[in-house]
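Each chain, letter by letter, is given below.
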Amino acid sequence: MKPTHWPLHPAPVQAEALSSWLRRLASAYGMEASELLAHGLGHGNLQDQELDHNPPATLLTELSRRSGVSRDRVAVMSMIGWTPWLFDSMNPDPEAYRAYVHQFSVLLPHRRRKLHDPAQWLPWLPKHRIHKACRECLTSTEPVALVLFWQLPLMLSCPSHRRRLETYAGQAPEYRRWTFVAAAPSQVSDSVALMDQRTWQAITTGSVNLPRRRVHAGIWFRLLRTLLDELSAVEAQCGRRQLEEIRLLWEHCGYPFRAGLLLWRPFESLPWSIQQQLLEAAALAMEHIETGTLTASGTLAHLLSPEPDRRINDGTPPRPSGRQPARKQASAPAVRALDDLWKQAVDAQEAAVNAARGNSASAQQLYNFALYGRRTERSVRRLQDDFVQLQIPTDFLSDTNKGCADEY
């Protein structure tokens, strides 16, 4: 009878790859990972790429049974556990590119974007496997574990150390040879660090804090992949003003327009050197959209655009500017009466907002009143933003009246 649990089973590290965890499990018994797979789990001849991409379901179940780690926790150590957040499916689909990359837009409006249908395409999975890691994580962190997402062209840096990921040859951590010898890994720019922090937040928490609101991790991954596609678009897909701004963006990065691409190819099939340039350009583009210095006309652009100034009038009439025609001065009682009316209006407004913060019926009544005269999707979204800024829970509003605010 097989034992239910192994006596030794080191816990998996956050976002660790399955191949890395199996190597540490085997090391606890003085074995190689291949020996543990063949003799302890009945799954010999599995390579690291198979383990980290789409391992057999029976292997995941057996690992959970032997280690006591939940099956769901074991599954997320491979790419198959990240459907449908990071991947819609692990099986290529002819419509996959359009569904994943062309569903949304950021920089360019939909009407300008050229649709592509690359064959056998899966998001983020590179055509050629490249080993990348944070040097500091592998030399100063215990236990030494390889992060699953270091295998993907998804991040440029380590969120913990803010150091650029480096390529290596061999099998880390037992044997590795860094491709480029350097005294110390270079630090990344603020824009890249912020983008990678958001990606890490999506991986570890399932959502991302953006300037306008908190969005699901699936939205973030698709937003980033869409922006990478738009930055590789040809000149004809950009308006005149946008083309000038995007060219300046590439110049600021220090790279040629479209990272020097002459013919379009999906991001995943590009060399890592080109992928790095596109990721840096995407990070800088997000920074410029947030500061309002880059025009973004896509459906998700509002998530990155700066929050508008929504100052609420305190009820004090504006002072006249410049020379005004002489007016008949109002009597003192009339001025006092007008001041009283303004104060009553401001008090009533504050009372209505305070009531709406703690009572759903009051919130709905205030929302219905403010909704009067708003006929466009944009004006409704602005009203929703006003309610969020006033700290009125949008959960108090009925689904029929929330409009498009919950779309993302």
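Residues numbered from 1 in each chain as written. Predicted model: local features only at pLDDT ≥ 70, side-chain atom pairs only at ≥ 80, totals over all residues. Heavy atoms only, no water.

*Asks:* What's the story with the overall build of the chain in this structure? I'm lost.
*Replies:* Looking only at helices and strands, one finds 15 helices and five strands in the chain. Residues counted as buried form 47% of the 408 residues belonging to the chain. Taking contacts inside the chain between residues at least 6 apart in sequence as the whole, the part at least 24 apart equals 66%. Within the structure as shown, the chain displays about 21800 Å² of accessible surface, and the carbon and sulfur contribution to it stands at 52%. (Helix = DSSP H or I, 4+ residues; strand = E, 2+ residues; numbered from the N terminus. Buried < 20%, exposed > 50% of the residue type's maximum accessible area, 1.4 Å probe, protein only. Contact = heavy atoms within 4.5 Å. Areas by Shrake-Rupley, 256 points an atom, 1.4 Å probe, with all protein chains shown as cover.)

*Asks:* What am I meant to see in the packing of helix 1 (residues 18-27) against helix 2 (residues 33-40) here?
*Replies:* Two measures define how a pair of helices packs: the angle their axes make with one another and the distance between the axes. Running from N to C, helix 1 and helix 2 point in directions that differ by 80°, and their axes come no closer than 8 Å. Taken together, the axes of helix 1 and helix 2 are roughly perpendicular relative to one another. The segment helix 1 lies against helix 2, with L22, R23, L25 and A26 engaging A33, L36 and L37. (Axes fitted to C-alpha atoms, helices over the stretch in contact; angles between N-to-C directions. Parallel < 35°, antiparallel > 145°, perpendicular 65-115°, else oblique.)

*Asks:* Teacher, can you tell me more about the pattern of salt bridges here?
*Replies:* Tallying each qualifying case throughout the model produces 17 salt bridges. Between R162 and D190 there is a salt bridge, with its nearest N and O atoms 2.2 Å apart. Here the residue R162 occupies a position in the loop between helix 7 (135-140) and strand 2 (166-169), and D190 occupies one in helix 8 (residues 190-205), the gap between them amounting to 28 residues. The closest approach of N and O atoms between R198 and E290, which form a salt bridge, is 2.7 Å. Here R198, found in helix 8, pairs with E290, found in helix 11 (residues 272-291); they are 92 residues apart in sequence, far enough to count as distant. Judged by relative accessible area, R198 falls into the buried class, the value being 8%. Through salt bridges that share partners, E62, R65 and R66 make up one connected network. (Salt bridge = Lys/Arg side-chain N within 4 Å of Asp/Glu carboxyl O.)

*Asks:* Explain the packing of aromatic side chains here, please?
*Replies:* Given two aromatic rings, their pairing is described by the distance between the two centres and the angle made by the two planes. Applying the stated rule across the entire model yields six aromatic pairs. Taking 6.3 Å as the distance between ring centres and 65° as the angle between the ring planes, the aromatic pair formed by W82 and W85 counts as edge-to-face. Overall, W82 belongs to the buried group, its relative accessible area being 9%. With a centroid separation of 4.9 Å and 85° between ring planes, the pair formed by W82 and F149 is classed as edge-to-face. Residue W82 is found in the loop between helix 5 (71-75) and helix 6 (96-101), and its partner F149 is found in the loop between helix 7 and strand 2; the two are separated by 67 residues along the sequence. Here W82 matches F149 in class, with each residue buried. Grouping aromatic residues by their ring pairs yields a cluster made of Y97, Y100, W121 and W264. Here K132 stacks its cationic end above the ring of W272, 4.5 Å away from the centre of that ring. Between R247 and the ring centre of F257, over which it is positioned, the NZ or CZ distance is 4.4 Å. (Phe/Tyr/Trp six-rings, centres within 6.5 Å; stacked < 30°, edge-to-face > 60°. Lys NZ or Arg CZ within 6 Å of the ring centre and 35° of its normal.)

*Asks:* Before we go on, may I ask you to explain the sheet that holds strand 3 (residues 177-178) in this structure?
*Replies:* One open sheet holds the three strands; their spatial order is 1-2-3, and the pairing between them is antiparallel. In this open sheet, the two strands that pair with only one neighbour each are strand 1 (132-133) and strand 3. Alignment of strand 1 against strand 2, held across two bridges, turns out to be antiparallel. Note that in strand 2 the partner of K132 across the bridge is T167. (Pairing = 2+ DSSP bridges.)

*Asks:* Hey, could you run me through empty space enclosed by the protein in this one?
*Replies:* To find leftover empty space, one rolls a probe the size of a water molecule over the atoms. One pass over the full model with this rule turns up two cavities of 30 Å³ or more. Counted as a void, the largest cavity has a volume near 60 Å³. Lining the largest cavity are Q49, H53, L125, P126, H128, R129, I130 and Q151. Of the residues in the lining of the largest cavity, the class split is three nonpolar, four polar and one charged. When its volume is computed, the second largest cavity comes out at roughly 50 Å³. (1 Å grid on protein atoms, 1.4 Å probe; cavity = no way out; pocket = protein on both sides within 12 Å on 5 of 7 lines; lining within 4 Å. Points joined across faces, edges and corners; volume = space filled by probe spheres on them. Nonpolar A, V, L, I, M, F, W, Y, C, P; charged D, E, K, R; others polar.)

*Asks:* What is the right way to look at helix 4 (residues 57-67) in this model?
*Replies:* Residues spaced three or four apart along an α-helix point in a common direction, a consequence of the helix completing one turn every 3.6 residues. Listed as buried for helix 4 are L59, L60, E62, L63, S64, R66 and S67. Taken together, the buried residues of helix 4 touch helix 1, helix 2, helix 3 (48-53) and helix 5. Following helix 4 by one or two positions, G68 has its phi on the positive side, about 85°.

*Asks:* Just checking my understanding: could you explain the side chain of D52 for this structure?
*Replies:* Among the secondary structure elements, D52 is positioned in helix 3. Overall, the relative accessible area of 0% leaves D52 in the buried class. Side chain to side chain, D52 and Q151 meet in a polar contact 2.6 Å long. Setting aside residues no more than four positions away along its own chain, D52 makes contact with A17, L18, S19, M77, S78, M79, R129, L148 and Q151. (Polar contact = N/O pair within 3.5 Å; in protein donor to acceptor, adjacent residues only side chain to side chain.)

*Asks:* Before we go on, may I ask you to explain unusual backbone geometry in this structure?
*Replies:* Excluding glycine, a negative phi dihedral is what most residues carry, and trans is how most peptide bonds are arranged. The peptide bond linking T83 to P84 adopts the cis configuration, its omega dihedral lying at 5°. Mapping P84 onto the fold places it in the loop between helix 5 and helix 6. With phi around 65°, N45 is a residue other than glycine that occupies positive phi space. Examined against the element boundaries, N45 turns out to sit in the loop between helix 2 and helix 3. The backbone phi angle of W124 is positive, close to 75°, even though this residue is not glycine. Mapped onto the elements of the fold, W124 is located in the loop between helix 6 and strand 1.

*Asks:* Which parts of the structure should I look at to understand the packing of helix 9 (residues 217-231) against helix 11?
*Replies:* Two elements in contact, helix 9 and helix 11, have axes whose closest approach is 9 Å; the angle formed by their N-to-C orientations is 110°. Regarding the angle of helix 9 to helix 11, the classification is roughly perpendicular. Along the contact surface, helix 9 presents W220, L223, L224, L227, L228 and L231, while helix 11 presents L278, L279, A281, A282, A285 and M286. Of the residues assigned to the contact of helix 9 with helix 11, the class counts are twelve nonpolar, no polar and no charged.

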